[in-house]
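# What the coordinates show
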Amino acid sequence: MPGDVRLDIARSDVSGMLGAAKPITWDVTIKGRITRDMVEELSRLKGEPDWMRRLRLRALEMFEKQPWPNWLPLEGTIDLESLVLYAKPRVERARSMDELPRELREYYEALRVPELEAKVLSGVIGQVDSEVVYESIKKELERLGVIAMSMDEAVRKYPDLVKQYFAKVFPPEYKFASLNIALWSGGVFVYVPPNTHVKMPLELVILISSAGVGQFEHSLIVVGENSSAEFIVACAAPVFTGLSLHDGMTEVYVHRNARVRLVDLKNWSRGVIYFGNNRAIIEEGASVDWLSGSLGGKVTIVYPMSVLRGVGSRTTITSVALANGPTWKEEGAKVFHTAPHTYSKVVSKGVSLNGGTSVYRGLVYVREGAKYAKSSVSCESLVLDEKSKAYTIPHEQVFEETAIVTHEAYTGRLSEDKLFYLRSRGLSEEEARSLVVLGYFHDVMVNLPVEYVSIFNRAIELELSRLGGVG
Amino acid sequence: MSAKWLVELRERARELVPKIPYQQIRDSPSVKYYTDWNAFERCADPNPAMITRAGPVFDLVEPGVAVVNGYLSLGKVPSGVRVLDLEDLGDEYGSLVFKSIDINESKALARHVANLLGGAYVEIAESIDEPLRIIVNTNTNSQVLIPTHYTIAVNDGVRASLGLYIVNNGGCPSTTAEVYLGKGSLLNLLVISMGDSTPEFTMLRVITNENSSVVARSLLIGGSMNHHREDYLLQGVGSRLNHLGLEVGVGSSRIDYQVNAMHLGEGSSSYSRVLGVARDRSFVIHRALGRIFERARWSDTNIEGKVFVLNEGAYAASVPVIMVDTGDVNGARHSAADASLDEDQVNYLRLRGFGKDEVIDLVLYEVAAQFLDSLPEDFKLDREVLRRLLMSRLGQS
């Protein structure tokens, strides 16, 4: 039967990159009902200023008032009380890989972090469960006046700067955003001063070590006028039995004429429920490019959002997702055009197989007065077998007569012509299918630094390994 | 005295009304309602004292069935067509009414059924040369809900043309229709919804059978809050839908037009295109769903929409959704655009001496012509009536 591909899901798990979970000892944990006392305790443990404690408590009040989202693709709700909501690993914060315990070093090596750090990155901050355990920033950044450090350290060292933006780009407007702000721990703070160009990207590596963990990473990136920077978030988890939750937030404020690229690579194991609350506010003449690749995980829900606030601001949002096995992979995009001559382009590609569901859900909103705003959205989905699904759910809301907003989408199966061509050159049907899928993603991943392309390809190959043994 | 099935149905709906919402939102937080359901709350439940005729009845086309303020009368019914008043239906036929529509779905539907004033059961047993026209006219000074329902069965192998005119001259028309196509049948369907300053609710559901085809043309003009939904359930193997819609927002109208093509039969095919124009202070919404369910293997769906925003203060929204539940799919495609007029076109016309308003008129006429020219030949009389109607409505704005 055409398109009929059956995989052994357990064997072809992408989390094979990290292998089985290694035991990590925690120094401090917080678990139970989410109350004021819990939030106060967390704030006290982190030695935070009073303004942050109050901010957390306000977010908690919002969390308690807000309804549980009815749009989640889960049966019932997530039992937050069953999760460890704060887990501090028993590890001193390391400044070099050698200082890390062996099990963590092995994780990072499997993800090729040391190699990337040496070759292409201006710094790496590593988070495991709720705390940053690794922080290595190149001197060059300091020389440029760039601030790059863990979020909790920035709250203490640069309170005025952090306070100006924290939870302002992404306020506690729905339950999981409020939960993140109330319980946040970990994440990075990056401040790039005006007229500064950071040539090499900075990376945040996020790991969840085991089942039963609630992770609430919160990152804030501020890029000054006429500056440029690139930021990568790489998420991964080893194989474990049970569920963990990552409810993360990345807030980005981009000042006039600045350029920012944000790369988000998710490589979760099957037990992770992931909410990505990512939003950028973009001022006049500035631009933000989001690039997202998503593999693994039980449920993934992420809609990078760009608010085009300044005249002539631009954004692109590009995502690829592989929904393999019993997974719901929702990679969307939201763009708000609120100023004239703004431009946005959204490209989304998804592949579903072995009963996986890939979803594009997006919104393009053009406010009255956003004259000559232009937006185009393009979605493509491949469904590889009869059990898998692909949904495309875009919303376009245009309140400006001079704007042009277009959307196109296609869902289909693998092209028989391409398969025939590859088979006529000696490839088996399964190998041909694998190659077509890799090629499908390559169109988008070509925008990644070359070292990351090879890592991401490797991860896709692992995911498809039973499909044809590619790689 | 209503039939037992109808009494029971109304009773069941009445119990549901306070229990269910107008709309379930299972969506992200930044997406809100497209229909202003509060407008329907301002429509009172009907009682005879409130329903008094306010003006002349719509008579631009000759009806086969006319339902004015819920009262049914028969006109020129083609031979081979049987029309029964809902109130006169026995339990056997009554059990077919609302068979495909779940009244638990929304408060709008529950209120509709709880207050059902009338309607008809229509059976098209033989092919007909002339279209059968059903005219639903509300015509009252009171803002009162006027719900009617139509169940239409087209027998196997029959070729027929059906026009459904919903003309709002006051009151809040609430119209549901379910159309069942027999095996190998062909239906040309023309749906006209003419709005007014009061809200109106329409839900049309067409269920296809094996190798049956429907050619549907829908025209929606104005309406302060016009919620209009068309569901095409392509249940039959090899069944086909060809649909073209035109929604025209003028004045301060708001039209929420939803077209759903749901494929349940293998090898079924759908094509839907909706054109929209938003003029003055109107808000024109186009929602469309092309869904291929798991069992509808080797089907294809193509959903298109284009809404022109013609001036400052006019709004548009598009939600073209595709959902594919199987890899054994021939293809699912959609495209949508919310756009101002093409700058090159505008410049070309303006260089030739046309003012901006004239350019807008030209675009409107062009879009209207595309729609009218696409009507099946059976509707040639309707085409001329609609042309005059459209021009007069557009000229008024």
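Residues numbered from 1 in each chain as written. Chains lettered and ligands numbered in written order. Predicted model: local features only at pLDDT ≥ 70, side-chain atom pairs only at ≥ 80, totals over all residues.

## What about the overall build of chain B?
A tally of helices and strands in chain B yields 7 helices and 19 strands. Relative to the compact-globule value of 21 Å for 397 residues, chain B shows a C-alpha radius of gyration of 20 Å, a close match. Principal-axis analysis of the C-alpha atoms gives chain B an extent of 65 × 55 × 50 Å. Counting only contacts in chain B whose residues sit at least 6 apart along the sequence, the fraction spanning at least 24 positions is 84%. (Helix = DSSP H or I, 4+ residues; strand = E, 2+ residues; numbered from the N terminus. Rg over C-alpha atoms; globule rule 2.2 N^0.38 Å. Contact = placed C-beta atoms within 7 Å.)

## Notes on the overall build of chain A
When helices and strands are tallied, chain A shows 12 helices and 24 strands. For chain A, the C-alpha radius of gyration of 22 Å lies close to 23 Å, the compact-globule estimate for 471 residues. Principal axes of the C-alpha set define a box for chain A whose edges measure 65 × 60 × 45 Å. Taken across its 471 residues, chain A has 57% of its residues classed as buried. Across chain A, contacts joining residues at least 24 apart in sequence account for 82% of those joining residues at least 6 apart. (Buried ≥ 20, exposed ≤ 12 C-beta atoms within 10 Å, placed from the backbone.)

## Let's talk about the interface of chain A and chain B
Each partner contributes residues to the interface: chain A has 38 residues there, and chain B has 37 residues. Among the elements of the structure, β21 (357–366), β23 (389–398) and β24 (404–412) of chain A are those that each provide at least two residues to the side of chain A that touches chain B. Class assignment of the residues belonging to the side of chain A that touches chain B gives a composition of 17 nonpolar, 11 polar and 10 charged. Note: β23(A) against strand β18 (residues 315–324) of chain B, 6 bridges, orientation antiparallel. Across the sheet, A:Y391 pairs through a bridge with B:M323, a residue of β18(B). (Nonpolar A, V, L, I, M, F, W, Y, C, P; charged D, E, K, R; others polar. Pairing = 2+ DSSP bridges.)

## Observations regarding the pairing of strand β18 (residues 328–331) of chain A
Residue and element names in this part refer to chain A. Of the two faces of β18, the one carrying W328 and E330 and the one carrying K329 and E331 are both buried. The pairing of strand β15 (residues 299–302) with β18 spans 4 bridges and is classified as parallel. Along β18, the bridge assignment pairs V302 with E331.

## Observations concerning the nonpolar core
Counting residues in each nonpolar core, the largest one holds 270 residues, and the members touching the most others are A:V254 and B:A278. A total of 8 residues in this core trace back to one element, the largest contributor, which is β18(B). Of the residues that make up this core, three or more belong to each of domain 1 (14–302) and domain 2 (415–471) of chain A. (Core = buried A, V, L, I, M, F, W, Y, C linked by C-beta atoms within 7 Å. Domains from an automatic or database assignment.)

## What to know about the domain arrangement of chain A
Residue and element names in this part refer to chain A. For chain A, the domain assignment lists domain 1 (14–302) and domain 2 (415–471). For domain 1 versus domain 2, the distance between C-alpha centres works out to 31 Å. Of the residues lining the interface, 13 residues belong to domain 1; the matching set on domain 2 comes to 11 residues. Looking at the side of domain 1 that touches domain 2, the elements that each hand over two or more residues are α4 (113–119), β12 (259–267) and β14 (287–295). Its residues assigned to classes, the side of domain 1 that touches domain 2 comprises 8 nonpolar, 3 polar and 2 charged.

## Observations regarding the environment of A:K31
Among the secondary structure elements, A:K31 is positioned in strand β1 (residues 26–31). With 414 residues separating them in the primary sequence, A:K31 and A:M445 have C-alpha atoms 39 Å apart.

## Some remarks on the packing of helix α1 (residues 36–45) of chain A against helix α2 (residues 50–65) of chain A
Residues and elements named next belong to chain A. Where α1 contacts α2, the two axes come as close as 10 Å, and the packing angle between them is 150°. Regarding the angle of α1 to α2, the classification is roughly antiparallel. Here α1 runs over α2; the crossing is right-handed. Within the contact between the two elements, α1 uses R36, V39, E40 and S43 and α2 uses M52, R53, R56, L57 and L60. Residue composition of the contact of α1 with α2, grouped by class: 4 nonpolar, 1 polar and 4 charged. (Axes fitted to C-alpha atoms, helices over the stretch in contact; angles between N-to-C directions. Parallel < 35°, antiparallel > 145°, perpendicular 65-115°, else oblique. Left-handed = near helix turned anticlockwise from the far one by under 90°.)

## Some points on helix α4 (residues 107–114) of chain B
Residues and elements named next belong to chain B. By the criterion of burial, α4 is predominantly enclosed, with 7 of the 8 residues buried. Buried within α4 we find A108, L109, A110, R111, H112, V113 and A114. Of the surrounding secondary structure, the elements contacted by the buried residues of α4 are α1 (4–16), α2 (38–41), β6 (145–154), β8 (172–181) and β10 (200–207).

## Quick word on the pairing of strand β4 (residues 131–137) of chain A
Residues and elements named next belong to chain A. With respect to burial, β4 is a largely interior element, 5 of its 7 residues being buried. As paired strands, strand β3 (residues 123–128) and β4 are joined by 6 bridges and run antiparallel to one another. Bridging across to β4, I125 finds its partner in E135. In this structure, the hairpin formed by β3 and β4 is closed by a connection of 2 residues, where D129 is found at a positive phi of approximately 55°.

## Topic: unusual backbone geometry
A positive phi angle, close to 55°, is found at A:N195, a residue other than glycine. Although it is not a glycine, B:F98 adopts a positive phi angle of roughly 60°. On the neighbour-count criterion, B:F98 (22 C-beta atoms within 10 Å) is buried.

## A short note on the packing of α1(B) against α4(B)
Residue and element names in this part refer to chain B. α4 packs onto α1 with a crossing angle of 140° between their chain directions and a minimal axis gap of 7 Å. With respect to each other, α1 and α4 are oriented oblique. The handedness of the crossing between α1 and α4 comes out as left-handed. Listed contacts from α4 to L9, R10, A13, R14 and L16 of α1 are A110, V113 and A114.

## Some details on the confidence of the model for chain A
Residue and element names in this part refer to chain A. Residues with a pLDDT of 70 or more make up 94% of chain A, whose mean pLDDT is 88. Segment residues 1–14: pLDDT under 50, and 39 contacts once partners within four positions in sequence are set aside and those in other chains are kept. Confidence drops under pLDDT 50 across residues 466–471; counting only partners more than four residues distant or on other chains, this segment forms 22 contacts. (pLDDT = per-residue confidence, 0-100.)

## Looking at the confidence of the model for chain B
Residue and element names in this part refer to chain B. Mean pLDDT for chain B: 91, with 96% of residues reaching 70 or above. Mean pLDDT across the elements of chain B ranges from a minimum in helix α5 (residues 343–351), with 79, to a maximum in β10, with 98. Complex prediction metrics read pTM 0.87 and ipTM 0.81.

## Observations concerning the environment of A:K175
Residue and element names in this part refer to chain A. By secondary structure assignment, the location of K175 is in helix α8 (residues 175–183). As for K175 and L60, which are separated by 115 residues in sequence, their C-alpha atoms are 9.4 Å apart. Once you skip the residues sitting within four places of it in the chain, K175 turns out to touch F63, Q66, W68 and P69.

## Observations concerning the environment of B:V277
Residues and elements named next belong to chain B. Checked against the element boundaries, V277 lands in strand β15 (residues 269–278). For V277, a count of 24 C-beta atoms within 10 Å corresponds to the buried category. Along the chain, V277 and L310 lie 33 residues apart, while their C-alpha atoms are 7.0 Å from each other.

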